[in-house]
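# Structural overview for review
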Amino acid sequence: MTESATQLLLNATESGNIPAAARLRLREHSRIFLAGPPGSGKGTQGPFLGKLLEVPHVHIGDLFRSNVAGRTKLGMKAMKHMRRGELVPDEVTLGMVAERLQDPDTQHGFLLDGLPRNLNQAEAVDDLLATTSGKVDAVLNVDISREESFRRLVGRRVCRNDSSHVAHIMYATPHKYGICDVCNGPLYLREDDTRHTIGARWDVWHAQTEPVVRKYGAEGVLIPISGIGTVSDITERAITALNAYFG
Ligand code: AMP
């Protein structure tokens, strides 16, 4: 796919007008986990890929952030862990996910972004799927180095209206200071995008989430891709890898 074809695809995805060729090959396979270390770009790719797969993008971090913003009971339980870069306790996380995966829009598939992040969550979500539709079809893991992750995250500014709209103070400066180029929403620095907390999130990744990636590798459902490149490069890489995997 050329850069301009990819751009067309992204534009079409944005407008909801998705080329048939892009979606047809993926339609049968739609229970997908999206994994990757901090700053790998999952949250940016998720909405595009969800639209192409025609399934909801269920972003666990965003579900927590909206609970924190709404000061719900669940948000109050999650907040202190998120601030430290730790995982929110499984009993909180798994209850929220089990509820979301009962919603009618997820019955024909989902792109689950940010879960499972430890082996206990993997076992729980595998069991949950076994009681309904079967098992996870694929686990897409977007990989980047620790150095690149720090470069991206300390300068990242996220739109309050939509967390997939991101700017960077050095590499993708917004046209108007503090304002999202896509929707004019306010940009902010995520509380967990400080050097110390990014380090803590990487420790969690190595200790708790990499074993999950290895588990799905051993089960033959892992699709690893590099997260280095432009947003459209990575979307294209993900589509190519998913199509190759599903044949
Ligand atoms: P993310 O938006 O994916 O970077 O997630 C932000 C934060 O939300 C993480 O650092 C955790 O504190 C929390 N979080 C996201 N997903 C999970 C999960 N599966 N289990 C526990 N905590 C999570």
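Residues numbered from 1 in each chain as written. Predicted model: local features only at pLDDT ≥ 70, side-chain atom pairs only at ≥ 80, totals over all residues. Heavy atoms only, no water.

### Let's talk about the pairing of strand 5 (residues 156–159)
- Here 3 bridges tie strand 5 to strand 6 (residues 166–168), and the two strands are oriented antiparallel to one another. Note that in strand 6 the partner of arginine 157 across the bridge is alanine 167.
- The antiparallel hairpin formed by strand 5 and strand 6 contains 6 residues in its connecting segment.
- Across 2 bridges, the pairing between strand 5 and strand 7 (residues 187–188) is antiparallel. Considered in strand 7, the bridge of cysteine 159 is made with leucine 187. (Pairing = 2+ DSSP bridges. Helix = DSSP H or I, 4+ residues; strand = E, 2+ residues; numbered from the N terminus.)

### Considerations on the nonpolar core
- Phe33, Ile60, Phe64, Phe110, Leu112, Val125 and Tyr216 are the most contacted members of the largest nonpolar core, which totals 22 residues.
- Among the elements of the structure, helix 4 (60–69), helix 5 (73–84), helix 6 (90–100), strand 3 (110–113), helix 7 (119–131) and helix 9 (195–218) are those that each provide at least two residues to this core.
- In contact with phenylalanine 110, other than residues within four places in its own chain, are Ser30, Arg31, Ile32, Phe33, Val55, Pro56, Val58, Leu101 and Leu129.
- Judged by nonpolar contacts, the second largest core, of 18 residues, contains Ile223, Ile225, Ile239 and Ala241. (Core = buried A, V, L, I, M, F, W, Y, C linked by side-chain atoms within 4.5 Å. Buried < 20%, exposed > 50% of the residue type's maximum accessible area, 1.4 Å probe, protein only. Contact = heavy atoms within 4.5 Å.)

### Quick notes on the packing of helix 4 against helix 5
- Where helix 4 meets helix 5, the axes come as close as 8 Å, and the angle between the chain directions of the two elements is 115 degrees. The pairing of helix 4 with helix 5 is recorded here as roughly perpendicular in orientation. Handedness of the helix 4/helix 5 crossing: left-handed. Packed against helix 4, whose contacting residues are Gly61, Phe64, Arg65, Asn67 and Val68, the element helix 5 presents Leu74, Gly75, Met76, Ala78, Met79 and Met82 at the interface.
- When the residues that make up the contact of helix 4 with helix 5 are grouped by side-chain class, the tally is 7 nonpolar, 3 polar and 1 charged. (Axes fitted to C-alpha atoms, helices over the stretch in contact; angles between N-to-C directions. Parallel < 35°, antiparallel > 145°, perpendicular 65-115°, else oblique. Left-handed = near helix turned anticlockwise from the far one by under 90°. Nonpolar A, V, L, I, M, F, W, Y, C, P; charged D, E, K, R; others polar.)

### Describing the sheet that holds strand 5
- Spatially, 6-5-7 is the arrangement adopted by the 3 strands of the open sheet, whose pairing is antiparallel. Each edge of the open sheet is held by one strand with a lone partner, namely strand 6 and strand 7.

### Describing the site of the ligand
- Close contacts around the ligand come from 17 residues, with Arg65, Glu86, Gly114, Arg117 and Gln121 the closest.
- A distance of 2.8 Å is found between an oxygen atom of the ligand and a side-chain nitrogen or oxygen belonging to arginine 65.
- Within the side chain of glutamine 121, an N or O atom sits 2.9 Å from a nitrogen atom of the ligand.
- In isolation the ligand offers 480 Å² of accessible surface; the protein chains occlude 96% of this area.
- By residue number, the principal contributor to the shell around the ligand is helix 4, which donates 4 residues.
- Class assignment for the residues of the shell around the ligand results in 6 nonpolar, 5 polar and 6 charged. (Near = heavy atom within 4 Å. Polar contact = N/O pair within 3.5 Å; in protein donor to acceptor, adjacent residues only side chain to side chain. Areas by Shrake-Rupley, 256 points an atom, 1.4 Å probe, with all protein chains shown as cover.)

### A closer look at the pattern of salt bridges
- Applying the stated rule across the entire model yields 14 salt bridges.
- Put simply, glutamate 219 and lysine 215 hold a salt bridge, and the shortest N to O gap is 2.8 Å.
- Since its relative accessible area comes to 43%, glutamate 219 is described here as partly exposed. (Salt bridge = Lys/Arg side-chain N within 4 Å of Asp/Glu carboxyl O.)

### A look at helix 9
- The end-to-end C-alpha distance of helix 9, which contains 24 residues, comes to 33 Å, matching closely the 34 Å that a straight helix rising 1.5 Å per residue would cover.
- In the stretch just after helix 9, glycine 220 is the one whose phi turns positive, near 80 degrees. (Expected span 1.5 Å × (residues − 1).)

### Remarks on the sheet that holds strand 3
- The 5 strands lie next to each other as 2-3-1-4-8, forming an open sheet whose pairing is parallel. Two strands bound the open sheet, and with one partner strand each, they are strand 2 (57–59) and strand 8 (222–226). Across the sheet, the mean angle from the axis of one strand to that of its neighbour is 20 degrees, orientation sign disregarded.
- Where strand 2 meets strand 3, 3 bridges bridge the pair, whose relative direction is parallel. Residue histidine 57 lies in a different strand from strand 3, and its bridge partner there is leucine 111.
- With respect to the sheet, helix 10 (residues 231–246) is in contact with strand 1 (31–35), strand 4 (138–143) and strand 8, its orientation differing from that of strand 8 by roughly 155 degrees.

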